[in-house]
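Analysis of the macromolecular model
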Amino acid sequence: MTTPELKSLLHVRNLKMSYGGIQALRGVDLDVAHGELIALIGSNGAGKTTLLKVLAGLLQPASGTVHYRGTPLMHHAAHQLVQEGLTLVPEGRGIFARLTVKENLQMGSYCRSDEPSIDRDMQNVYELFPRLFERHKQLAGTLSGGEQQMLALGRALMSRPTLLMLDEPSMGLAPMMVTKIFETIQEISARGVSILLVEQNAKLALEVAQRGYVLENGLITSSDSAAKLLVSPAVRQAYMGS
Amino acid sequence: MDTFFQQIINGLVQGSVYAMVALGYTMVYGILGLINFAHGEVVMVGAMVALSVIQLSISYGLPPILALLIGLMVSIAACMALGYSIERVAYRPLRKAPRLAPLITAIGVSMVLQTLAMIIWGREYHAFPSLLPNGSHILFGAIITEVQILIILVALAMMGGLLLLVHRTRLGRAMRAVAEDPSIATLMGVNTNSVISTTFMLGSALAATAGVMISANYGIAHYYMGSVLGLKAFTAAVLGGIGNMYGAMVGGLLLGLIESLGAGYIGDLSGGFLGSHYQDVFSFFVLISVLIFRPSGLLGERVAERS
Ligand SMILES: Nc1ncnc2c1ncn2[C@@H]1O[C@H](COP(=O)(O)OP(=O)(O)OP(=O)(O)O)[C@@H](O)[C@H]1O
Ligand SMILES: [Mg+2]
């Protein structure tokens, strides 16, 4: 049991994917170990969302391998992955606007059948985000952007993720809300959930992460400990404007 | 006899049938953005299968009520299988095709079903045996038969059951989630294909029941009965706001009432020039007016939200 496929939680090698003629991923290598919080940064159009969609089974890669918990990912249909603990909070949150807040959370636990612990998890989400409890009967489409992001996070927690993938959770949020969301991400990480965090806000992401990857034009151009990336002149110049 | 109340009763009965069929159109549209023009033929198949099973049961000496129940059950099962197959064979391969493709396919499926029905059951009108007590009651000076009372009650029960299913169960939540965004629903672990199949089967079960109701009410069934009925139920769905389940129910009842009041008074209104057989004109007048003046229907939000 020493091959890297079996050791890391997520093991991605030479992953390629294209939309018609456009090559969005040109051979991505990436690992997430159990319990890690990994930041993936990159500019607009670098292929971050594409990578997460492939990992969540929504897009089929052209070539390359993905092992999740030691098994090739392609062995599962997209809807079976969440049952395996692989959960994506998509870009733009993807809440169900015409379902109530509570129903959205229930959708998060769709693939579970352990009713008593589902109830307990819902209580936990409400404790984490009291705002959601106050609005649990409201249609999710009427929530503010920040509340919708809380709902998206809460809904993801309802699936009891092993590996949580977050696609730009800070997008479009006021600074206060960004702080709140990042505190929550750290809290989730502290509970032992492995996290792959995609962010435009490179500084913030690298401050909370243990390791980081930089994705440019479909290729990983650097990967290092988050602390080192934070002080790397190249990264600072490209992603932090200094 | 009071014409007004009589037409109200007739309209409610007819409207219940429209509502049940309209729900099938609206649920499929809600989840796939597709107008399943073959749905009317499912109603016809429901009536025909029930007719054959009832004739067979009677010939084996079963009591009429039992024969009707067995006929209804078999017809519901057959139509659910049919609805499942239509989606699986005709629509699923076209899920990513331009919208015109499934629409044309739907018309093709209707023609195939109609032709098959003609081959199996022939071109003639079949008498649908009357299996229920022939009693009737006087209500506000109008006559309502026991069959009509039963039609309204069964329609209410089935529609109520469907609403509970859609709004109170895990399956119903999944259906609404898929209708809103299939790929996000997939991320939640929903098998969208099986939810879509289930939606077709539920709509077909309602259609089968509607087919039996309408045949029992008029006492006839024939291979061509699905097309005009389907078009009217589609009108009802558009009138209520396609994609909206409450809209389908309201639209169905309203269309039944409009049609029946129209038919009751058209003679007086036109000085005897036009007879009650012009009642179909009202439905299509409603369809055209809604499409021109309020394409989103009475309860619909926006139209053309998907492209
Ligand atoms: N559905 C699609 N069809 C065609 N091209 C696409 C599609 N989705 C993404 N692309 C292209 O693939 C490339 C990568 O896009 P992707 O969305 O993965 O970038 P991203 O890193 O998430 O960017 P952002 O930070 O703006 O969200 C881009 O060039 C984009 O234009
Ligand atoms: Mg993106």
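Below, the structure is looked at part by part. Nothing here was measured: the structure is a model prediction, and the numbers come from that model.

Residues and elements named next belong to chain A. The immediate surroundings of ligand 1 are formed by 14 residues, with Lys48, Thr49, Thr50, Glu91 and Gln200 found nearest. Tyr19 is positioned such that a nitrogen or oxygen atom in its side chain is 3.4 Å from a nitrogen atom of ligand 1. The contact in question runs from an oxygen atom of ligand 1 to an N or O atom on the side chain of Asn44, over 2.8 Å. Relative to its unbound accessible surface of 630 Å², ligand 1 loses 62% to contact with the protein. Elements supplying a minimum of two residues to the shell around ligand 1: β2 (22-32) and α2 (48-55). Element by element, the count of residues in the shell around ligand 1 is highest for α2, at three residues. Taken together, the residues of the shell around ligand 1 break down into four nonpolar, seven polar and three charged.

Note on the magnesium ion (ligand 2): its protein donors are Thr49 of chain A (OG1) and Glu91 of chain A (OE). The metal-donor distances range over 1.9 to 2.3 Å. Linking Thr49 of chain A in helix α2 with Glu91 of chain A in the loop between β6 (86-89) and α4 (101-108), this pair joins segments that are 42 residues apart in sequence.

Let's shift gears to helix α10 (residues 245-269) of chain B. All names here are of chain B. For α10, built from 25 residues, the straight-helix expectation of 36 Å at 1.5 Å per residue is met to within 8% by its first-to-last C-alpha distance of 34 Å. If you look at α10, its biggest bend is around 35°, right at Ala263. You can read the cap of α10 off the contacts: a side-chain oxygen lies 2.9 Å from the backbone nitrogen of Tyr246, and it is on Asn244. Gly271 lies just past α10 and shows a positive phi near 60°.

This paragraph deals with the pattern of salt bridges. Residue and element names in this part refer to chain A. The tally for this structure, following the rule as stated, stands at 15 salt bridges over all chains. As a salt-bridge pair, Arg112 and Asp114 come within 3.2 Å of each other at their nearest N and O atoms. Given a relative accessible area of 10%, Arg112 falls into the buried group.

Attention now moves to the interface of chain B and chain A. Taken together, the contacts link 18 residues of chain B with 20 residues of chain A. Interface area, chain B with chain A, both sides summed: about 1900 Å², of which 62% is carbon and sulfur. Sorting the residues of chain B by area buried against chain A places Glu180, Leu187 and Met188 of chain B first, and these three jointly supply 36% of that buried surface. Counting across the interface, chain B meets chain A through one salt bridge.

Before going further, it helps to spend a moment on a nonpolar patch on the surface. Residue and element names in this part refer to chain B. Together, Leu56, Tyr60, Leu62, Leu66, Ile70 and Val74 line one region of the surface with nonpolar side chains, adding up to about 530 Å² of accessible area. A per-element tally of the nonpolar patch places helix α3 (residues 64-91) first, with three residues. Mapped onto the secondary structure, Ile70 falls in helix α3.

Turning to the sheet that holds β2 of chain A, a few remarks are in order. Sheets are built from strands that pair by backbone hydrogen bonding, the pairs being arranged parallel or antiparallel. All names here are of chain A. Strand order in this open sheet of four strands is β2-β1-β4-β5, and the pairing throughout is antiparallel. In this open sheet, the two strands that pair with only one neighbour each are β2 and β5 (71-72). Here strand β1 (residues 10-19) runs beside β2; their pairing, made up of eight bridges, is antiparallel. For Tyr19, the partnering residue across the bridge sits in β2 and is Ile22. In the packing of α2 onto the sheet, the strands contacted are β1, β2 and β4 (63-68), and the crossing angle to β1 comes to about 115°.

Residues and elements named next belong to chain B. Between α10 and helix α11 (residues 279-293), the least distance of the axes is 8 Å, while the angle of their chain directions is 135°. The angle between the axes of α10 and α11 places the two elements in the oblique class. Judged by the sense of rotation from one axis to the other, the crossing of α10 with α11 is right-handed. Residues Leu255, Ile258, Glu259, Gly262, Ala263 and Ile266 of α10 form the contact with α11, whose own contacting residues are Gln279, Phe282, Ser283 and Val286.

On to the side chain of Ser197 of chain B. All names here are of chain B. Mapped onto the elements of the fold, Ser197 is located in helix α8 (residues 192-218). For Ser197, the side chain forms a polar contact with the side chain of Arg92, separated by 3.0 Å. Apart from the residues lying within four places of it in its own chain, the contact partners of Ser197 are Tyr84, Glu87 and Arg92.

Right, let's get into the environment of Arg135 of chain A. Residue and element names in this part refer to chain A. Mapped onto the fold, Arg135 is located in the loop between α6 (130-134) and α7 (145-157). Judged by its relative accessible area of 22%, Arg135 falls in the partly exposed class. A sequence separation of 34 residues divides Arg135 from Val101, and the C-alpha atoms of the two residues are 6.8 Å apart. At a separation of 3.3 Å, a polar atom in the side chain of Arg135 contacts the side chain of Glu134.

So, about α2 of chain A. Residues and elements named next belong to chain A. With seven of its eight residues buried, α2 lies for the most part within the structure. Taken as a whole, α2 has its buried residues at Lys48, Thr49, Thr50, Leu51, Leu52, Val54 and Leu55. Gly57 lies just past α2 and shows a positive phi near 85°.

For the rest of this paragraph, the subject is the pairing of β4 of chain A. All names here are of chain A. Examined bridge by bridge, β1 and β4 share five bridges and lie antiparallel to one another. In the sheet register, Leu10 faces β4, and the bridge partner there is Tyr68. As paired strands, β4 and β5 are joined by two bridges and run antiparallel to one another. Looking at the pairing, His67 lines up with Pro72 of β5. In this structure, the hairpin formed by β4 and β5 is closed by a connection of two residues, where Arg69 is found at a positive phi of approximately 50°.

Turning next to unusual backbone geometry. Residues and elements named next belong to chain A. Its identity as a non-glycine residue notwithstanding, Arg69 has a phi of 50°, on the positive side. With respect to the secondary-structure elements, Arg69 resides in the loop between β4 and β5. You can call Arg69 partly exposed: its relative accessible area is 44%.

With that settled, consider the packing of aromatic side chains. All names here are of chain B. This model, assessed by the stated rule, comprises seven aromatic pairs over all chains. Between Tyr25 and Phe234, the aromatic rings sit 5.8 Å apart at their centres with planes inclined by 55°, giving tilted as the arrangement. Residue Tyr25 is located in helix α1 (residues 3-32), and its partner Phe234 is located in helix α9 (residues 225-240); the two are separated by 209 residues in the primary sequence. As far as burial versus exposure is concerned, Tyr25 and Phe234 are alike and both buried. Of the aromatic side chains, those joined through ring pairs into one cluster are Phe4, Phe5 and Phe140.

What counts, and at which threshold
Residues numbered from 1 in each chain as written. Chains lettered and ligands numbered in written order. Predicted model: local features only at pLDDT ≥ 70, side-chain atom pairs only at ≥ 80, totals over all residues. Heavy atoms only, no water. Near = heavy atom within 4 Å. Polar contact = N/O pair within 3.5 Å; in protein donor to acceptor, adjacent residues only side chain to side chain. Areas by Shrake-Rupley, 256 points an atom, 1.4 Å probe, with all protein chains shown as cover. Helix = DSSP H or I, 4+ residues; strand = E, 2+ residues; numbered from the N terminus. Nonpolar A, V, L, I, M, F, W, Y, C, P; charged D, E, K, R; others polar. Donors = N, O, S within 2.8 Å, 3.2 Å for Na, K, Ca; no water. Expected span 1.5 Å × (residues − 1). Bend = angle between axes of the 7 residues up to and from the residue. Salt bridge = Lys/Arg side-chain N within 4 Å of Asp/Glu carboxyl O. Buried < 20%, exposed > 50% of the residue type's maximum accessible area, 1.4 Å probe, protein only. Contact = heavy atoms within 4.5 Å. Buried area = accessible area lost by both parts, 1.4 Å probe. Patch = residues over 30% accessible without salt bridge, like charges linked within 9 Å, V, L, I, M, F, W, Y side chains within 5 Å. Pairing = 2+ DSSP bridges. Axes fitted to C-alpha atoms, helices over the stretch in contact; angles between N-to-C directions. Parallel < 35°, antiparallel > 145°, perpendicular 65-115°, else oblique. Left-handed = near helix turned anticlockwise from the far one by under 90°. Phe/Tyr/Trp six-rings, centres within 6.5 Å; stacked < 30°, edge-to-face > 60°.

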